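Letter by letter, the chains look like this.
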Amino acid sequence: MIIFYICPAKDLNMQHKIISLDEHIIQSQRNLPYATGELSSLLRDIGLAAKIVSREVNKAGLVDIAGKAETENSSGDDVQKLDVLANDLLISCLRNSGECCGIASEEEDSYKPIKNSYKQAKYVVLFDPLDGSSNIDVNVSIGTIFAIYRRNSFQGDCTLDDFLQKGTDQVAAGYVLYGSSTMLVYTTKQGVNGFTLDPSIGEFCLSHPNIQVPKTGKVYSVNQANYNKYPKGSQAYINHCMEQGYTMRYIGSMVADVHRTLIKGGIFFYPGTTNKPNGKLRLLYECNPLALLVEEAGGKASNGQERILELSPTELHQRTPVFMGSEEMVNDLERLVKEFDA
Ligand code: AHM
Ligand code: MG
């Protein structure tokens, strides 16, 4: 859909061509000679789910919806009511899309096949429906993260192997940030584009075309309170950041911290700790999709030794240490990890 946006007040005589998310998805599909439209349709349905989740997040303070749901997810974290709602909304949008044969979610112990009576859908979707859940109750940015893969099983119900693919096999990935405005950022491996939700027309409009991560930056983002639990290499890198006079920013919502890193440069990291050697963040639906976006935008994403996207997953809810952002900063980190944690 092409929208001509009439600017208010002083800009009354100016008309800007706004490119909506749906229009962008369709245009990108035209660049792929063998595209069938199925992935585009799936992405549009995720966009729709994002708008509904955004609406619910924005009224969280108004209705009795925020707060704990008195359950724990498979990783033992408290589950908030909005997490459950976002999870259910995404599943129902993906079920209705007809293009998705299975989902895996941070909020589900196991993957869920989706049956389609009229066609054999090609794609599986992995997501964290509402990441940064400890920030829900305090009106701080949270996000949805998603990764899309082509199934590698041939027929019938999808299998665990369809989900345990390397990050390099993703066909698309993205996130939705529920912040001071709602943004959807996605890639189909043809660059990274960001869209801001205009609530007055209910459309995601292209606001950040072709996002590029600056090669270096001056912001590091880590939970420094865990310093004494980090391996020597990560400690040495934090010391290096302080010696260089870098600024520290840590929101505690990975989507928001990585979004800032994509736009302004810097490094976001969550190393292993003495009690959790693989850290906290999940490979399949947190680290891989964000690593694909960061790499597609010219940055780097590593577990300290190798590319996040090259890791071979063995479990749905697997965790990994993660370091991502400006290439030069991740290179510095990797050098120190090699020197101190060999
Ligand atoms: P969640 O999936 O339970 O919300 O946890 C993931 C979040 C990330 O968004 C964030 O980077 C990290 O947990 C913060 O963890 P910590 O409070 O240990 O620093
Ligand atoms: Mg999460």
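Residues numbered from 1 in each chain as written. Chains lettered and ligands numbered in written order. Predicted model: local features only at pLDDT ≥ 70, side-chain atom pairs only at ≥ 80, totals over all residues. Heavy atoms only, no water.

Points about the packing of aromatic side chains
In step 1: In the structure shown here, the tally under the stated rule is four aromatic pairs.
In step 2: These aromatic residues form a ring-pair network of at least three members: Tyr-237, Phe-269 and Phe-323. (Phe/Tyr/Trp six-rings, centres within 6.5 Å; stacked < 30°, edge-to-face > 60°.)

Thoughts on the coordination of the magnesium ion (ligand 2)
In step 1: Taken together, the protein donors to the magnesium ion (ligand 2) comprise Glu-106 (OE), Asp-128 (OD), Asp-131 (OD) and Glu-286 (OE), at separations of 1.9 to 2.4 Å.
In step 2: Summarised as a motif, the one-chain spacing of the donors to the magnesium ion (ligand 2) is E-x21-D-x2-D-x154-E. One end of the pair, Asp-131, is in strand β7 (residues 123–131); the other, Glu-286, is in helix α7 (residues 283–296), with 155 residues separating them in the sequence. (Donors = N, O, S within 2.8 Å, 3.2 Å for Na, K, Ca; no water. Helix = DSSP H or I, 4+ residues; strand = E, 2+ residues; numbered from the N terminus.)

Observations concerning the sheet that holds strand β9 (residues 172–178)
In step 1: Spatially, the eight strands line up as an open sheet ordered β6-β5-β7-β8-β9-β10-β11-β12, and their pairing is mixed. Each edge of the open sheet carries a strand with a single partner, namely β6 (112–113) and β12 (203–208).
In step 2: Sheet topology note: the β9/strand β10 (residues 182–187) ladder contains six bridges and is antiparallel. Counted as the bridge partner of Leu-177 is Met-183 from β10.
In step 3: Most of the contacts of helix α6 (residues 254–264) go to β9, to which it runs at about 105 degrees, and overall it touches β7, β8 (142–150), β9, β10 and β12.
In step 4: Relative to β8, α7 is tilted by about 85 degrees, and along the sheet it contacts β5 (100–105), β7, β8, β9, β10 and β11 (192–198). (Pairing = 2+ DSSP bridges. Contact = heavy atoms within 4.5 Å. Axes fitted to C-alpha atoms, helices over the stretch in contact; angles between N-to-C directions.)

What about the confidence of the model for the protein chain?
In step 1: Per-residue pLDDT for the protein chain has a mean of 91; in total, 89% of the residues score no lower than 70.
In step 2: For residues 9–14, every residue scores under 50 in pLDDT, and the model assigns this stretch three contacts once sequence neighbours within four places are set aside. (pLDDT = per-residue confidence, 0-100.)

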